[in-house]
Amino acid sequence: MRKIEFFDTTLRDGEQTPGVHFNKKEKVQLALQLENWGIDTIEAGFPIASQGDFEAVQAIARAIKKTTVAALARCQKPDIDRAYEALEDAVSPQIHIFLATSPIHRRDKLKLSKAEILRSIHDHVTYARSLFEIVQFSPEDASRTEKDFLLEAVQTAIDAGATIINIPDTVGFSTPTEYGELFRYLIEHIHSPHPITFSSHCHDDLGMATANALAAIENGANRVEGTVNGIGERAGNTALEEVAVALYIRKDFYQCASNITLAETKNTSDLVSRLSGLHVPKNKAIIGGNAYAHESGIHQDGVLKNPETYEIITPQLVGVATNSLPLGKLSGKHAFSEKIKALGYTKSKEELQELFIQFKALADKKNQLSDYDLHALVSEQIHQE
Ligand code: KIV
Ligand code: ZN
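Residues numbered from 1 in each chain as written. Chains lettered and ligands numbered in written order. Predicted model: local features only at pLDDT ≥ 70, side-chain atom pairs only at ≥ 80, totals over all residues.

*Asks:* When you look at the overall build of the protein chain in this model, what are you seeing that I'm missing?
*Replies:* Helices and strands together make up the secondary structure of the protein chain, namely 15 helices and 10 strands. For the C-alpha atoms alone, the extent of the protein chain along its principal axes is close to 90 × 40 × 40 Å. Burial analysis of the protein chain (385 residues in total) assigns 44% to the buried set. A separation threshold of at least 6 residues defines the contact pool for the protein chain, and within that pool the share at least 24 residues apart is 72%. (Helix = DSSP H or I, 4+ residues; strand = E, 2+ residues; numbered from the N terminus. Buried ≥ 20, exposed ≤ 12 C-beta atoms within 10 Å, placed from the backbone. Contact = placed C-beta atoms within 7 Å.)

*Asks:* Quick question: what am I supposed to make of the UniProt feature "domain: Pyruvate carboxyltransferase" (unreviewed entry) in the protein chain here?
*Replies:* Annotation from UniProt places "domain: Pyruvate carboxyltransferase" (unreviewed entry) at residues 4–266. Taken end to end, residues 4–266 has its terminal C-alpha atoms 21 Å apart, with 44% of it in helix and 18% in strand. (UniProt positions renumbered as here; feature names shortened; annotations may be inferred.)

*Asks:* Sorry, what's going on with the environment of S348 here?
*Replies:* Relative to the helices and strands, S348 is located in the loop between α13 (333–342) and α14 (349–363). In this structure S348 comes out as exposed when scored by C-beta crowding, with 8 C-beta atoms within 10 Å. Residues S348 and L214 lie 134 residues apart in sequence; the distance between their C-alpha atoms is 52 Å.

*Asks:* Would you mind showing me how to read the nonpolar core here?
*Replies:* The nonpolar side chains of a soluble globular protein tend to be buried, and buried together. Within the largest apolar cluster, 87 residues are counted, with the highest numbers of intra-cluster contacts made by I42, A44, A71 and I95. When residues in this core are grouped by element, the largest group, seven residues, is from helix α8 (residues 209–218). In terms of nonpolar packing, the next biggest core, distinct from the first, is built from 10 residues, F336, L355, F359 and L369 among them. (Core = buried A, V, L, I, M, F, W, Y, C linked by C-beta atoms within 7 Å.)

*Asks:* How should the sheet that holds strand β6 (residues 135–140) be read in this particular structure?
*Replies:* Around the barrel, eight strands lie side by side as β2-β3-β4-β5-β6-β7-β8-β9; this closed barrel has parallel pairing. Across the sheet, the mean angle from the axis of one strand to that of its neighbour is 25°, orientation sign disregarded. The pairing of β6 with strand β7 (residues 164–169) spans two bridges and is classified as parallel. Each residue of the ladder has a partner; that of F137, found in β7, is I165. Packed onto the sheet, helix α6 (residues 147–159) meets β6 and β7 and runs at close to 160° relative to β6. (Pairing = 2+ DSSP bridges. Axes fitted to C-alpha atoms, helices over the stretch in contact; angles between N-to-C directions.)

*Asks:* How should the UniProt feature "binding site: Mn(2+)" (unreviewed entry) in the protein chain be read in this particular structure?
*Replies:* Taking the numbering used here, the UniProt-annotated feature "binding site: Mn(2+)" (unreviewed entry) corresponds to D13, H201, H203 and N237. These residues run over 225 residues, yet every pair of their C-alpha atoms falls within 10.4 Å of each other. Ignoring sequence-local partners within four residues, the contact set of H203 consists of D169, T170, V171, G172, A209, G232, E233, R234, A235 and N237. Apart from the residues lying within four places of it in its own chain, the contact partners of N237 are T9, D13, G14, C202, H203, D204, A209, G226, T227, G230 and G232.

*Asks:* Please explain the environment of A293 as it appears in this structure.
*Replies:* Among the secondary structure elements, A293 is positioned in the loop between α11 (265–276) and α12 (297–305). In this structure, the C-alpha to C-alpha distance between A293 and S120, residues 173 residues apart in sequence, is 52 Å. Residue contacts for A293: discarding those within four places in its chain leaves N323, S324 and P326.

*Asks:* Help me out: how do you make sense of unusual backbone geometry in this one?
*Replies:* Most peptide bonds take the trans configuration, and most residues that are not glycine carry a negative phi. Although it is not a glycine, R234 sits at a positive phi angle of roughly 55°. By the element assignment, R234 lies in the loop between β9 (223–226) and α9 (240–249). Despite not being glycine, Q255 shows a phi value in the positive range, around 55°.

*Asks:* Please explain the site of ligand 1 as it appears in this structure.
*Replies:* Lining the immediate environment of ligand 1, one finds D13, F98, S138, E140, P168, T170, H201 and H203. Of the residues belonging to the shell around ligand 1, the class tally is two nonpolar, four polar and two charged. (Near = placed C-beta within 6 Å. Nonpolar A, V, L, I, M, F, W, Y, C, P; charged D, E, K, R; others polar.)

*Asks:* What am I meant to see in the packing of α13 against α14 here?
*Replies:* Helix packing for two helices is described by the angle between their axes and how far apart those axes are. With their axes 11 Å apart at the nearest point, α13 and α14 run at an angle of 110° to one another. By the angle between their axes, α13 is roughly perpendicular relative to α14. Between α13 and α14, the contacting residues are K333, F336, S337 and I340 on the first element and L352, L355, F356 and F359 on the second. (Parallel < 35°, antiparallel > 145°, perpendicular 65-115°, else oblique.)

*Asks:* Just checking my understanding: could you explain the environment of I217 for this structure?
*Replies:* Along the chain, I217 falls in helix α8. With 26 residues separating them in the primary sequence, I217 and V243 have C-alpha atoms 10.0 Å apart. With near-sequence residues (within four places) excluded, I217 lies in contact with I4, V224, Y254 and C256.

*Asks:* Looking at this structure, I do not really get the pairing of strand β8 (residues 197–202). What am I missing?
*Replies:* Note on strand geometry: in a regular strand, side chains alternate between the two faces of the sheet. Burial analysis of β8 places five of its six residues in the buried class, which makes it a mostly covered element. Bridge analysis of β8 against β9 gives three bridges, and the strand direction is parallel. Bridged to H201 within β9 is E225. Handedness of the crossover joining β8 and β9 through α8: right-handed. (Right-handed = clockwise from strand over helix to strand, strands pointing away.)

*Asks:* Could you clarify how one ought to interpret the pairing of strand β3 (residues 41–45) in this entry?
*Replies:* Most of β3 is tucked away: five of the five residues are buried. In this structure, strand β2 (residues 5–8) lies alongside β3, joined through two bridges in parallel fashion. Residue D8 lies in a different strand from β3, and its bridge partner there is I42. At this point the chain moves from β2, through helix α1 (residues 24–37), to the parallel β3, and the crossover so formed is right-handed. Sheet analysis places β3 next to strand β4 (residues 68–74), joined by four bridges and oriented parallel. Across the sheet, the residue bridging to T41 is T68, located in β4. With respect to chirality, the unit in which β3 leads through helix α2 (residues 51–63) into the neighbouring parallel β4 is right-handed.

Set out below in C-alpha coordinates:
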(Lines give C-alpha, C1' and ligand atoms only; values in the text may rest on other atoms or scores of the structure.)
(Ligands and ions follow the chains in the order given, each with its own letter.)
Protein backbone atom coordinates (compact mmCIF):
# COMPACT_ATOMS: atom_id res chain seq x y z
CA MET A 1 0.00 0.00 0.00
CA ARG A 2 1.22 3.50 -0.84
CA LYS A 3 1.73 5.69 2.26
CA ILE A 4 0.02 9.10 2.23
CA GLU A 5 1.59 11.73 4.50
CA PHE A 6 -0.76 14.03 6.37
CA PHE A 7 0.22 17.71 6.69
CA ASP A 8 -2.00 19.61 9.09
CA THR A 9 -2.36 23.38 8.78
CA THR A 10 -5.09 23.94 11.39
CA LEU A 11 -2.71 26.22 13.30
CA ARG A 12 -1.82 28.31 10.22
CA ASP A 13 -4.43 28.19 7.41
CA GLY A 14 -7.08 27.08 9.93
CA GLU A 15 -6.36 30.10 12.09
CA GLN A 16 -7.07 32.27 9.04
CA THR A 17 -10.77 31.51 9.69
CA PRO A 18 -12.41 34.88 10.42
CA GLY A 19 -12.89 35.20 14.18
CA VAL A 20 -10.60 32.32 15.14
CA HIS A 21 -7.57 32.96 17.31
CA PHE A 22 -5.54 30.38 19.22
CA ASN A 23 -3.21 31.59 21.97
CA LYS A 24 0.23 30.04 22.52
CA LYS A 25 -0.96 27.59 25.18
CA GLU A 26 -3.87 26.46 23.01
CA LYS A 27 -1.59 26.05 19.99
CA VAL A 28 0.77 23.79 21.93
CA GLN A 29 -2.20 21.77 23.24
CA LEU A 30 -3.55 21.40 19.70
CA ALA A 31 -0.12 20.46 18.30
CA LEU A 32 0.29 17.72 20.93
CA GLN A 33 -3.13 16.31 20.01
CA LEU A 34 -2.26 16.48 16.29
CA GLU A 35 0.89 14.49 17.06
CA ASN A 36 -1.22 12.03 19.02
CA TRP A 37 -3.63 11.74 16.07
CA GLY A 38 -0.72 10.69 13.83
CA ILE A 39 -0.14 13.80 11.72
CA ASP A 40 3.24 13.62 9.91
CA THR A 41 3.86 17.37 9.63
CA ILE A 42 2.30 20.16 11.66
CA GLU A 43 2.35 23.63 10.11
CA ALA A 44 2.65 25.61 13.32
CA GLY A 45 2.29 29.14 11.95
CA PHE A 46 3.73 32.06 10.02
CA PRO A 47 6.53 33.40 12.27
CA ILE A 48 7.07 36.73 10.45
CA ALA A 49 3.35 37.59 10.83
CA SER A 50 3.57 38.60 14.50
CA GLN A 51 5.62 38.20 17.67
CA GLY A 52 2.80 36.02 19.04
CA ASP A 53 2.92 33.68 16.06
CA PHE A 54 6.72 33.51 16.28
CA GLU A 55 6.54 32.51 19.94
CA ALA A 56 3.81 29.95 19.32
CA VAL A 57 5.84 28.28 16.54
CA GLN A 58 8.89 28.27 18.83
CA ALA A 59 6.90 26.74 21.72
CA ILE A 60 5.50 24.02 19.42
CA ALA A 61 8.97 23.31 18.00
CA ARG A 62 10.16 22.75 21.59
CA ALA A 63 7.17 20.65 22.71
CA ILE A 64 6.85 18.28 19.74
CA LYS A 65 9.20 15.31 19.86
CA LYS A 66 8.37 13.08 16.88
CA THR A 67 6.39 14.97 14.27
CA THR A 68 7.92 17.36 11.73
CA VAL A 69 7.12 21.01 12.51
CA ALA A 70 6.79 23.42 9.58
CA ALA A 71 6.62 27.20 9.38
CA LEU A 72 5.36 29.35 6.52
CA ALA A 73 7.43 32.00 4.74
CA ARG A 74 6.93 34.20 1.68
CA CYS A 75 9.71 34.39 -0.90
CA GLN A 76 11.48 36.98 1.24
CA LYS A 77 14.73 36.62 3.14
CA PRO A 78 13.45 38.09 6.46
CA ASP A 79 10.53 35.60 6.41
CA ILE A 80 12.92 32.68 5.91
CA ASP A 81 15.27 33.92 8.65
CA ARG A 82 12.36 34.33 11.08
CA ALA A 83 11.08 30.82 10.31
CA TYR A 84 14.60 29.45 10.83
CA GLU A 85 14.87 31.16 14.22
CA ALA A 86 11.42 29.95 15.32
CA LEU A 87 12.19 26.34 14.33
CA GLU A 88 15.76 26.23 15.73
CA ASP A 89 14.82 23.77 18.50
CA ALA A 90 12.58 21.51 16.40
CA VAL A 91 13.60 17.84 16.20
CA SER A 92 12.50 17.78 12.55
CA PRO A 93 12.07 21.31 11.10
CA GLN A 94 10.66 22.13 7.69
CA ILE A 95 10.12 25.41 5.86
CA HIS A 96 7.16 26.04 3.59
CA ILE A 97 7.84 28.80 1.06
CA PHE A 98 5.19 30.17 -1.25
CA LEU A 99 4.86 32.61 -4.10
CA ALA A 100 1.83 33.16 -6.31
CA THR A 101 2.17 32.18 -9.96
CA SER A 102 -1.27 32.83 -11.54
CA PRO A 103 -1.78 35.72 -14.02
CA ILE A 104 -4.13 37.64 -11.72
CA HIS A 105 -1.76 37.41 -8.74
CA ARG A 106 1.29 38.28 -10.88
CA ARG A 107 -0.37 41.28 -12.48
CA ASP A 108 -2.60 42.74 -9.77
CA LYS A 109 -1.12 41.62 -6.45
CA LEU A 110 2.62 41.12 -6.92
CA LYS A 111 3.19 43.30 -10.00
CA LEU A 112 5.95 40.92 -11.10
CA SER A 113 6.73 39.49 -14.53
CA LYS A 114 7.05 35.74 -15.13
CA ALA A 115 10.84 36.09 -15.23
CA GLU A 116 10.87 37.93 -11.90
CA ILE A 117 8.69 35.24 -10.31
CA LEU A 118 11.06 32.49 -11.50
CA ARG A 119 14.11 34.41 -10.25
CA SER A 120 12.51 34.93 -6.85
CA ILE A 121 11.63 31.24 -6.55
CA HIS A 122 15.19 30.26 -7.50
CA ASP A 123 16.85 32.72 -5.11
CA HIS A 124 14.61 32.06 -2.10
CA VAL A 125 14.43 28.29 -2.37
CA THR A 126 18.23 28.26 -2.74
CA TYR A 127 18.58 30.44 0.35
CA ALA A 128 16.08 28.34 2.34
CA ARG A 129 17.92 25.18 1.30
CA SER A 130 21.12 26.60 2.82
CA LEU A 131 19.32 26.64 6.21
CA PHE A 132 16.89 23.72 6.02
CA GLU A 133 17.22 20.09 5.04
CA ILE A 134 13.59 19.89 3.86
CA VAL A 135 12.12 22.72 1.77
CA GLN A 136 8.53 22.73 0.56
CA PHE A 137 7.53 25.14 -2.20
CA SER A 138 3.96 26.17 -3.04
CA PRO A 139 3.04 28.10 -6.20
CA GLU A 140 0.05 29.93 -4.72
CA ASP A 141 -3.09 29.88 -6.90
CA ALA A 142 -1.49 27.02 -8.87
CA SER A 143 -4.81 25.78 -10.24
CA ARG A 144 -5.39 29.12 -12.05
CA THR A 145 -1.84 29.29 -13.40
CA GLU A 146 -1.00 28.55 -17.07
CA LYS A 147 0.09 24.88 -17.10
CA ASP A 148 3.40 25.49 -18.87
CA PHE A 149 4.35 28.35 -16.55
CA LEU A 150 3.35 26.29 -13.49
CA LEU A 151 5.66 23.53 -14.69
CA GLU A 152 8.48 26.08 -15.11
CA ALA A 153 7.89 27.43 -11.59
CA VAL A 154 7.83 23.94 -10.07
CA GLN A 155 10.97 22.87 -12.01
CA THR A 156 12.76 26.04 -10.85
CA ALA A 157 11.93 25.20 -7.21
CA ILE A 158 13.13 21.61 -7.67
CA ASP A 159 16.37 22.73 -9.33
CA ALA A 160 16.96 25.08 -6.39
CA GLY A 161 16.57 22.23 -3.89
CA ALA A 162 12.89 21.90 -2.96
CA THR A 163 11.91 18.28 -2.35
CA ILE A 164 8.23 18.85 -1.58
CA ILE A 165 6.00 20.52 -4.15
CA ASN A 166 2.60 21.57 -2.91
CA ILE A 167 -0.04 22.51 -5.49
CA PRO A 168 -2.57 24.86 -3.89
CA ASP A 169 -6.09 25.23 -5.21
CA THR A 170 -6.04 28.51 -3.31
CA VAL A 171 -9.53 29.70 -4.19
CA GLY A 172 -11.25 26.30 -4.44
CA PHE A 173 -11.71 26.72 -8.20
CA SER A 174 -10.63 23.31 -9.46
CA THR A 175 -12.71 20.21 -10.13
CA PRO A 176 -11.54 16.70 -9.19
CA THR A 177 -10.83 15.64 -12.78
CA GLU A 178 -8.95 18.84 -13.57
CA TYR A 179 -6.97 18.89 -10.30
CA GLY A 180 -6.05 15.20 -10.66
CA GLU A 181 -4.87 15.77 -14.24
CA LEU A 182 -2.70 18.68 -13.08
CA PHE A 183 -0.82 16.34 -10.73
CA ARG A 184 -0.43 13.73 -13.44
CA TYR A 185 0.92 16.36 -15.86
CA LEU A 186 3.42 17.83 -13.37
CA ILE A 187 4.64 14.45 -12.12
CA GLU A 188 5.15 13.25 -15.70
CA HIS A 189 7.00 16.37 -16.83
CA ILE A 190 9.37 17.34 -14.00
CA HIS A 191 13.00 16.27 -13.97
CA SER A 192 14.71 15.55 -10.69
CA PRO A 193 17.71 13.53 -9.60
CA HIS A 194 16.01 12.88 -6.24
CA PRO A 195 12.45 11.83 -5.33
CA ILE A 196 9.90 14.64 -5.12
CA THR A 197 6.84 14.52 -2.87
CA PHE A 198 3.77 16.06 -4.48
CA SER A 199 1.21 17.45 -2.09
CA SER A 200 -2.39 18.66 -2.42
CA HIS A 201 -3.75 21.79 -0.73
CA CYS A 202 -7.41 22.48 -1.42
CA HIS A 203 -9.99 25.04 -0.40
CA ASP A 204 -13.71 24.36 -0.24
CA ASP A 205 -15.27 27.31 -2.09
CA LEU A 206 -17.21 24.98 -4.40
CA GLY A 207 -17.56 22.21 -1.82
CA MET A 208 -14.97 20.02 -3.57
CA ALA A 209 -11.93 20.24 -1.26
CA THR A 210 -12.04 16.62 -0.11
CA ALA A 211 -12.91 15.28 -3.58
CA ASN A 212 -10.04 17.30 -5.07
CA ALA A 213 -7.55 16.06 -2.47
CA LEU A 214 -8.55 12.46 -3.16
CA ALA A 215 -8.27 13.06 -6.92
CA ALA A 216 -4.72 14.34 -6.36
CA ILE A 217 -3.91 11.17 -4.40
CA GLU A 218 -5.34 9.01 -7.19
CA ASN A 219 -3.03 10.83 -9.59
CA GLY A 220 0.23 10.47 -7.67
CA ALA A 221 0.18 12.93 -4.75
CA ASN A 222 1.81 11.35 -1.72
CA ARG A 223 0.85 14.04 0.71
CA VAL A 224 -2.35 15.82 1.63
CA GLU A 225 -2.68 19.18 3.36
CA GLY A 226 -5.75 20.31 5.25
CA THR A 227 -7.25 21.14 8.61
CA VAL A 228 -9.26 19.46 11.32
CA ASN A 229 -13.02 19.97 10.75
CA GLY A 230 -12.05 21.72 7.49
CA ILE A 231 -11.69 25.10 9.19
CA GLY A 232 -9.94 27.88 7.27
CA GLU A 233 -10.19 31.01 5.16
CA ARG A 234 -13.67 31.55 3.56
CA ALA A 235 -15.33 28.10 3.10
CA GLY A 236 -12.30 26.40 4.65
CA ASN A 237 -9.77 23.73 3.69
CA THR A 238 -9.86 20.01 3.03
CA ALA A 239 -11.14 18.31 6.20
CA LEU A 240 -8.34 15.88 7.02
CA GLU A 241 -10.62 13.55 8.98
CA GLU A 242 -12.65 13.04 5.79
CA VAL A 243 -9.58 12.10 3.75
CA ALA A 244 -8.19 9.81 6.48
CA VAL A 245 -11.45 7.88 6.84
CA ALA A 246 -12.11 7.78 3.06
CA LEU A 247 -8.65 6.25 2.49
CA TYR A 248 -9.33 3.68 5.19
CA ILE A 249 -12.92 2.76 4.30
CA ARG A 250 -12.15 2.69 0.56
CA LYS A 251 -8.68 1.14 0.73
CA ASP A 252 -9.98 -1.36 -1.83
CA PHE A 253 -10.16 1.58 -4.25
CA TYR A 254 -7.32 3.93 -3.19
CA GLN A 255 -4.81 1.24 -2.12
CA CYS A 256 -3.29 3.77 0.30
CA ALA A 257 -2.57 3.90 4.03
CA SER A 258 -1.74 6.69 6.49
CA ASN A 259 -0.28 7.09 9.98
CA ILE A 260 -3.53 8.52 11.34
CA THR A 261 -4.89 6.84 14.49
CA LEU A 262 -8.54 6.95 13.48
CA ALA A 263 -9.81 6.29 17.02
CA GLU A 264 -8.39 9.72 18.02
CA THR A 265 -10.42 11.52 15.35
CA LYS A 266 -13.38 12.57 17.52
CA ASN A 267 -11.10 13.80 20.34
CA THR A 268 -9.09 15.85 17.85
CA SER A 269 -12.21 17.31 16.26
CA ASP A 270 -13.76 18.15 19.65
CA LEU A 271 -10.61 19.94 20.80
CA VAL A 272 -10.42 22.05 17.62
CA SER A 273 -14.12 22.84 17.86
CA ARG A 274 -13.84 23.88 21.52
CA LEU A 275 -10.70 26.02 21.12
CA SER A 276 -11.77 27.62 17.84
CA GLY A 277 -15.32 28.25 19.01
CA LEU A 278 -16.56 26.79 15.70
CA HIS A 279 -19.31 24.23 16.16
CA VAL A 280 -19.28 21.24 13.85
CA PRO A 281 -22.51 21.10 11.80
CA LYS A 282 -24.68 18.11 12.77
CA ASN A 283 -24.63 16.67 9.26
CA LYS A 284 -20.85 17.01 8.83
CA ALA A 285 -19.25 13.82 7.44
CA ILE A 286 -17.34 11.62 9.91
CA ILE A 287 -17.68 13.73 13.07
CA GLY A 288 -21.05 15.54 12.86
CA GLY A 289 -23.56 14.83 15.64
CA ASN A 290 -25.89 13.05 13.20
CA ALA A 291 -23.19 11.06 11.36
CA TYR A 292 -24.17 7.88 13.23
CA ALA A 293 -27.84 8.67 14.00
CA HIS A 294 -30.81 6.99 12.31
CA GLU A 295 -34.30 8.38 12.71
CA SER A 296 -36.55 6.81 10.08
CA GLY A 297 -38.30 3.55 10.94
CA ILE A 298 -36.97 1.65 7.94
CA HIS A 299 -33.38 2.64 8.69
CA GLN A 300 -33.74 1.96 12.43
CA ASP A 301 -35.15 -1.49 11.76
CA GLY A 302 -32.25 -2.25 9.39
CA VAL A 303 -29.61 -0.97 11.82
CA LEU A 304 -31.08 -2.98 14.71
CA LYS A 305 -30.85 -6.11 12.56
CA ASN A 306 -27.39 -5.31 11.16
CA PRO A 307 -25.74 -1.84 11.51
CA GLU A 308 -23.99 -2.29 8.17
CA THR A 309 -27.33 -1.92 6.37
CA TYR A 310 -27.02 1.86 6.80
CA GLU A 311 -23.56 2.47 8.33
CA ILE A 312 -20.39 2.28 6.26
CA ILE A 313 -18.29 3.54 9.17
CA THR A 314 -18.58 2.12 12.67
CA PRO A 315 -18.74 5.04 15.11
CA GLN A 316 -16.07 3.39 17.31
CA LEU A 317 -13.61 3.54 14.38
CA VAL A 318 -13.37 7.32 14.79
CA GLY A 319 -13.77 7.38 18.59
CA VAL A 320 -17.53 7.98 18.79
CA ALA A 321 -18.97 5.80 21.59
CA THR A 322 -22.04 4.51 19.82
CA ASN A 323 -24.61 5.13 17.12
CA SER A 324 -28.04 6.45 18.09
CA LEU A 325 -31.64 5.92 17.09
CA PRO A 326 -33.40 9.20 17.90
CA LEU A 327 -37.16 8.85 18.08
CA GLY A 328 -39.31 11.10 15.92
CA LYS A 329 -42.48 10.86 13.85
CA LEU A 330 -40.75 8.74 11.18
CA SER A 331 -39.46 6.17 13.67
CA GLY A 332 -40.78 2.63 13.72
CA LYS A 333 -42.06 0.17 16.30
CA HIS A 334 -38.84 -1.84 16.45
CA ALA A 335 -36.68 1.08 17.64
CA PHE A 336 -39.47 2.32 19.91
CA SER A 337 -39.79 -1.08 21.67
CA GLU A 338 -36.00 -1.34 22.06
CA LYS A 339 -35.93 2.10 23.63
CA ILE A 340 -38.72 1.32 26.09
CA LYS A 341 -36.83 -1.81 27.08
CA ALA A 342 -33.57 0.16 27.44
CA LEU A 343 -35.35 2.60 29.75
CA GLY A 344 -36.09 -0.34 32.07
CA TYR A 345 -39.73 -1.17 31.31
CA THR A 346 -41.17 -4.60 30.56
CA LYS A 347 -44.33 -4.27 28.50
CA SER A 348 -46.70 -6.72 26.89
CA LYS A 349 -47.27 -6.62 23.13
CA GLU A 350 -50.66 -4.91 23.66
CA GLU A 351 -49.25 -2.31 26.05
CA LEU A 352 -46.44 -1.55 23.64
CA GLN A 353 -48.92 -1.14 20.78
CA GLU A 354 -50.99 1.30 22.84
CA LEU A 355 -47.87 3.25 23.85
CA PHE A 356 -46.69 3.34 20.26
CA ILE A 357 -49.95 4.97 19.12
CA GLN A 358 -49.61 7.64 21.83
CA PHE A 359 -45.94 8.12 20.92
CA LYS A 360 -46.82 8.72 17.24
CA ALA A 361 -49.46 11.28 18.20
CA LEU A 362 -46.93 13.14 20.36
CA ALA A 363 -44.14 12.84 17.78
CA ASP A 364 -46.36 14.53 15.21
CA LYS A 365 -46.33 17.64 17.41
CA LYS A 366 -42.65 17.52 18.50
CA ASN A 367 -39.38 17.35 16.63
CA GLN A 368 -37.68 14.60 18.58
CA LEU A 369 -38.80 12.81 21.73
CA SER A 370 -36.51 12.73 24.73
CA ASP A 371 -36.18 10.00 27.37
CA TYR A 372 -38.16 12.32 29.62
CA ASP A 373 -41.08 12.31 27.13
CA LEU A 374 -41.03 8.51 27.00
CA HIS A 375 -40.99 8.15 30.78
CA ALA A 376 -43.99 10.52 30.88
CA LEU A 377 -45.87 8.39 28.30
CA VAL A 378 -45.25 5.20 30.27
CA SER A 379 -46.26 6.71 33.60
CA GLU A 380 -49.47 8.10 32.06
CA GLN A 381 -50.29 4.58 30.89
CA ILE A 382 -49.59 3.20 34.37
CA HIS A 383 -51.91 5.81 35.95
CA GLN A 384 -54.71 4.96 33.52
CA GLU A 385 -54.57 1.28 34.50
O1 KIV B 1 -4.17 28.33 -0.11
C2 KIV B 1 -2.98 28.64 -0.31
O3 KIV B 1 -2.54 28.93 -1.43
C4 KIV B 1 -2.07 28.64 0.84
C5 KIV B 1 -0.62 28.74 0.55
C6 KIV B 1 0.09 29.58 1.52
C7 KIV B 1 -0.05 27.37 0.45
O8 KIV B 1 -2.52 28.47 1.96
ZN1 ZN C 1 -4.58 27.63 1.86
